[in-house]
Amino acid sequence: MEEKRSVYMDHAATTPTRPEVARAMLPYFSERFGNPSSLYTLAREAKEAVEEARRKVAAAIGASPEEIFFTSGGTEADNWAIKGVAAANRKKGDHIITSSIEHHAVIHTCESLEKQGYRVTYLPVDEFGRVDPATVEEAITDQTILISIMTANNEIGTIEPVAEIAKVAHDHDIPFHTDAVQAIGAIPVSVDDMGADLLALSAHKFGGPKGVGALYIRKRTRIGTFIDGGAQERGKRAGTENVPGIVGLGRAIELAVAEMPEKSPRLAAMRDRLIRKILETIPDTRLNGHPTERLPNNVNVAFRYVEGESILLMLDALGIAASTGSACTSASLEPSHVLTACGLPHEEAHGSLRLTLGSRNTDDDIDYVLSVLPGVIERLRAISPLRGET
Ligand SMILES: *Cc1c(COP(=O)(O)O)cnc(C)c1O
């Protein structure tokens, strides 16, 4: 009898916390529960664990430990980078440059600043989701105080030319922030090679726990405090540290970066097989995102005449966890801002499917998806009201 399969292919949304990581965290919930700010041995153990994690995060991205600040995740790191630099440079200028395909943690933060009187340029991208560094240069004014472009996109996997964009920023003495949440453990991330002055990362995207991340802040970057309170994180981000989470982040990033040279080519081979077979076997299908400048684990395809949500429901019934390219929420029927920025018509943006691979995925998983997906699309197209229109 065939066992019901369970295939998780939504690693861009979150990853399972690795057992090694969970094990490293456990003592900090119980016997090593001290508050790092207190002044006895128990507290010093917690403090030392936090500082060891800080060294690991710093080593993973080529930074110094003093430049790493722990946060509650990627969203907080992006908020802090953008709002913190905006506040600290208000007298200098009021203009921010970002792209139209950023994560909502960046886009909605910029929109919130617009309500406070800042001006924001949301740069267009090409059909593959790439920001052209020349458009960054053209958008700069004497009021520009920050440029924020993601390292790699969470929906379509496109890798941005951040080093070139950072160079443009620095030629004009403007700090450069990058949301590298999807890049850690997938592609090399070095703050110096990339020219990042600020960089956001999040543990749960690379085998760590949810609710913990970090902001890298290059020395001498002008940035305000984000959370007021005690003197934690050198007075820049108050609140008793999430010690188990921070320990988990440190262990996870250490493992993710060490395993990347083996893991990324392996995932990329599975990714390429998935893409090739889907495009070969299912008609009226196209790849979203860049064909080569792409995260090793990202597959995103648009199927004409179908709704992404219906694909997801049918895949879920078959034990496959995936995501739509169109991050539709029940509250909004807007298609993905990323896919529409790449020029996809609304119908195709709505009919997109994102499969993001992780280290536990196997060739069998790929075979399984390839064995059921054509039938799913065919059944949905057979009942699609969109079909007769063209
Ligand atoms: C997941 C994600 C975030 C948000 O990180 P959280 O830790 O979940 O808040 C930000 N940016 C990108 C690109 C992401 O993929």
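Residues numbered from 1 in each chain as written. Predicted model: local features only at pLDDT ≥ 70, side-chain atom pairs only at ≥ 80, totals over all residues. Heavy atoms only, no water.

One open sheet holds the 4 strands; their spatial order is β9-β10-β13-β12, and the pairing between them is antiparallel. Since the sheet does not close on itself, it has two edges, and those belong to β9 (285-287) and β12 (323-324), each with one partner. As judged from the 3 bridges shared by β9 and strand β10 (residues 298-303), these two strands associate in the antiparallel manner. Residue pairing for β10: leucine 287 is matched across the bridge by valine 301. Against the sheet, helix α8 (residues 243-281) engages β9, β10 and β13 (352-356), with an angle of about 10° to β10. The strands that helix α12 (residues 363-382) touches are β9, β10 and β13; relative to β10, the one it contacts most, it runs at about 25°. (Pairing = 2+ DSSP bridges. Helix = DSSP H or I, 4+ residues; strand = E, 2+ residues; numbered from the N terminus. Contact = heavy atoms within 4.5 Å. Axes fitted to C-alpha atoms, helices over the stretch in contact; angles between N-to-C directions.)

Further remarks concern unusual backbone geometry. With a phi angle near 50°, glutamate 233 is a residue other than glycine that sits in the positive phi range. Here glutamate 233 shows up in the loop between β8 (213-217) and α8. Residue arginine 234 is not a glycine yet carries a positive backbone phi of 50°. Within the secondary structure, arginine 234 sits in the loop between β8 and α8. Judged by its relative accessible area of 44%, arginine 234 falls in the partly exposed class. (Buried < 20%, exposed > 50% of the residue type's maximum accessible area, 1.4 Å probe, protein only.)

Within the largest apolar cluster, 66 residues are counted, with the highest numbers of intra-cluster contacts made by Ile61, Ile68, Phe70, Ile147, Leu199, Leu201 and Leu249. Mapped onto the domain boundaries, this core takes at least three residues apiece from domain 1 (7-15 + 260-383) and domain 2 (19-255). In this structure phenylalanine 70 touches Val50, Ala53, Arg54, Val57, Gly213, Ala214, Glu233, Arg237, Ile246 and Leu249, once residues within four positions along its chain are discounted. Core analysis: the second largest hydrophobic core is formed by 28 residues, Val7, Met9, Ile275 and Leu370 among them. (Core = buried A, V, L, I, M, F, W, Y, C linked by side-chain atoms within 4.5 Å. Domains from an automatic or database assignment.)

Split by domain assignment, the protein chain resolves into domain 1 (7-15 + 260-383) and domain 2 (19-255). Distance from the C-alpha centre of domain 1 to the C-alpha centre of domain 2: 28 Å. Contacts between domain 1 and domain 2 engage 26 residues on the former and 31 residues on the latter. Summed over both sides, the interface of domain 1 with domain 2 buries roughly 2,300 Å², with 53% coming from carbon and sulfur. When residues of domain 1 are sorted by the area they lose upon contact with domain 2, Met260, Leu295 and His337 head the list and together hold 25% of the total. At the boundary of domain 1 with domain 2, the tally comes to 1 salt bridge. Our enumeration of links across domain 1 and domain 2 arrives at 16 residue pairs in polar contact (both at pLDDT 80 or more). (Buried area = accessible area lost by both parts, 1.4 Å probe. Salt bridge = Lys/Arg side-chain N within 4 Å of Asp/Glu carboxyl O. Polar contact = N/O pair within 3.5 Å; in protein donor to acceptor, adjacent residues only side chain to side chain.)

Let us now look at the packing of aromatic side chains. Inspection of every chain in the model, using the stated rule, returns 1 aromatic pair. Plain terms: the ring middles of phenylalanine 69 and tryptophan 80 are 5.7 Å apart, the flat faces sit at 80° to each other, and that makes the pair edge-to-face. Of this pair, phenylalanine 69 sits in strand β2 (residues 68-71) while tryptophan 80 sits in helix α3 (residues 74-88), placing them 11 residues apart in sequence. Exposure class is identical for phenylalanine 69 and tryptophan 80. Each is buried. For the cation-ring pair, arginine 90 lies above tyrosine 118, with the distance from its terminal atom to the ring centre recorded as 4.8 Å. (Phe/Tyr/Trp six-rings, centres within 6.5 Å; stacked < 30°, edge-to-face > 60°. Lys NZ or Arg CZ within 6 Å of the ring centre and 35° of its normal.)

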